[in-house]
Amino acid sequence: MARVALVSDIHANIEACDTVLADIEARGIDEILCLGDVIGYGPNPRECLEKAYSFQFSLLGNHEEAVLYYAEDFNEKARRAIEWTKEQLNSPDYDKESNYRIWNYLDGMERQRVWNDVLLVHASPRNPTKEYLLPQDVRNPEKLTGIFDALDQNVCFCGHSHVPGVYTEDLSFQPARELEGGYRPDDRKCVINVGSVGQPRDGDPRACYVLFDGTTIEFVRLDYDYRTTMEKIRAIDSLPDFLADRLARGK
Ligand SMILES: [Fe+2]
């Protein structure tokens, strides 16, 4: 199998997005699978969606779901950011065709996909757009067992929590930073969080994505110019400053 790149949670961060896409291109990889949340939080939703048009596909994330349908489970600040994002995607400053194309693209996003016998979702096999699977869940056997019971395949890739690493059905989590030689799935079911391109939350501010050749999963981390992204967020009233601050901390 030719190597593919799995990206997720770009979150309208064009600086991180461009850095990751340049790295993927430099490796000669032309298949990019995206696990959702291309938009939300960040200052460049249109630009990031335009990049996503060239991906193999992009799944529906909770932020796309929120701009398309409702934002009921978002707090007030997050909802303001969603509203701002929606305004950008409807902006009269652009021609109608490009706005239609954006909304058609969002509308066509699938909630999950089985690809080469691997399940792809934004959040979890049990709830493809909303459920957070986090490292501390290894101490919650009921939750983790429920999630693995919902997984019919041996391997699942997801995003959503922005914490990269590998969960296995025997209640373990290995963070990406401990998997330098990559991870090779064995007979234990596993859920791999590919991390976040545009808003990492594992204490490492570098953009994160995954390479997969059918056998080995490799996490890639890349420095990018987060200061520029931070400045753009601070200049937009509807985007709260903490969305900028967290980019420097990777939290
Ligand atoms: Fe996200």
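Reading the values: the criteria
- Residues numbered from 1 in each chain as written.
- Predicted model: local features only at pLDDT ≥ 70, side-chain atom pairs only at ≥ 80, totals over all residues.
- Pairing = 2+ DSSP bridges.
- Helix = DSSP H or I, 4+ residues; strand = E, 2+ residues; numbered from the N terminus.
- Buried ≥ 20, exposed ≤ 12 C-beta atoms within 10 Å, placed from the backbone.
- Arc of directions from axis to C-beta.
- Contact = placed C-beta atoms within 7 Å.
- Axes fitted to C-alpha atoms, helices over the stretch in contact; angles between N-to-C directions.
- Core = buried A, V, L, I, M, F, W, Y, C linked by C-beta atoms within 7 Å.
- Parallel < 35°, antiparallel > 145°, perpendicular 65-115°, else oblique.
- Nonpolar A, V, L, I, M, F, W, Y, C, P; charged D, E, K, R; others polar.

*Asks:* Any chance you could explain the sheet that holds strand β3 (residues 57–58) here in plain terms?
*Replies:* Within a sheet, each strand pairs with its neighbour through backbone hydrogen bonds, oriented either parallel or antiparallel. What the five strands build is an open sheet, ordered β3-β2-β1-β10-β11; its pairing is mixed. Looking at the sheet topology across the chains shown, the edges are occupied by β3 and β11 (217–222). Bridging between strand β1 (residues 4–7) and strand β2 (residues 32–34) involves three bridges; their strand directions are parallel. When the bridges of β2 are listed, V7 appears paired with C34.

*Asks:* Looking at this model, I keep getting lost on unusual backbone geometry. Mind explaining?
*Replies:* Trans is the common state for peptide bonds, and a negative phi is the common state for residues other than glycine. Here N116, not a glycine, exhibits a phi torsion of approximately 50°, which is positive. Tracing the backbone shows N116 in the loop between β4 (112–115) and β5 (118–121). Notably, D117 is not glycine yet its phi reads approximately 70°, a positive angle. Within the secondary structure layout, D117 lies in the loop between β4 and β5. The exposed category is assigned to D117, around which 10 C-beta atoms lie within 10 Å.

*Asks:* Would you take a moment to explain helix α7 (residues 226–234) for this structure?
*Replies:* At 3.6 residues per turn, the α-helix brings residues three or four places apart onto the same side. Within α7 the residues assigned to the buried category are Y226, T229 and I233. Viewed along the axis of α7, the buried residues span an arc of 55°, placing them on a single side of the element. Relative to its buried face, α7 has exposed residues pointing more than 90 degrees away, namely R227 and E231. Buried residues along α7 sit in contact with α1 (14–26) and α8 (242–249).

*Asks:* Would you take a moment to explain the environment of N62 for this structure?
*Replies:* Looking at the secondary structure, you find N62 in helix α3 (residues 62–68). Placed 51 residues apart in sequence, N62 and R113 show a C-alpha to C-alpha distance of 16 Å. When near neighbours in sequence (up to four residues on either side) are disregarded, N62 contacts D37, H122, A123, T129 and K130.

*Asks:* Explain the sheet that holds β5 to me, please; I cannot follow it from the model alone.
*Replies:* Sheet architecture is open: six strands sit in the order β4-β5-β6-β9-β7-β8, paired in mixed fashion. Every interior strand has two partners, whereas the edge strands, β4 and β8 (172–175), have only one. Neighbour-to-neighbour, the strand axes of the sheet open up by a mean angle of 20°, direction not taken into account. By the bridge criterion, three bridges tie β5 to strand β6 (residues 155–158) in an arrangement that is parallel. Of the residues in β6, the one forming a bridge with L120 is F157.

*Asks:* Where do I start with the nonpolar core in this structure?
*Replies:* Among the nonpolar cores identified, the biggest contains 65 residues, and L6, V7, V20, C48, V197 and Y209 are the most heavily contacted of them. At six residues, the largest contribution of residues to this core is made by α1. Residues contacting V20, with those up to four places away along its chain left out, are V7, V197, A207, Y209 and L222.

*Asks:* Sorry if this is basic, but what is going on with the packing of α7 against α8 here?
*Replies:* Working note: a packed helix pair is described by the angle between its axes plus the distance between those axes. Relative to each other, α7 and α8 sit at 170°, their axes nearing to 8 Å. When the axes of α7 and α8 are compared, the pair comes out roughly antiparallel. For the pair formed by α7 and α8, the contact residues are Y226, T229, M230, I233 and R234 on the first element and L243, A244, L247 and A248 on the second. Here the contact of α7 with α8 is composed, by residue class, of seven nonpolar, one polar and one charged.

*Asks:* Teacher, can you tell me more about the pairing of β4 here?
*Replies:* The side chains of a regular strand alternate between the sheet's two faces. Relative to β5, β4 runs antiparallel, the two being bridged by four bridges. Bridge pairing in β5 links R113 to L120. Linking two consecutive strands that pair antiparallel, namely β4 and β5, is a turn of two residues; a positive phi of about 50° is found at N116 within it.

*Asks:* For this particular structure, what's the right way to read helix α2 (residues 45–52)?
*Replies:* Along α2, the residues classified as buried are P45, C48, L49, K51 and A52. One side of α2 carries all its buried residues, which in axial view fall inside an arc of 155°.

*Asks:* So what exactly am I meant to see when it comes to the environment of P164 here?
*Replies:* Assignment of secondary structure puts P164 in the loop between β6 and β7 (165–168). Accessibility expressed as a C-beta count within 10 Å gives 26 for P164, which makes it buried.

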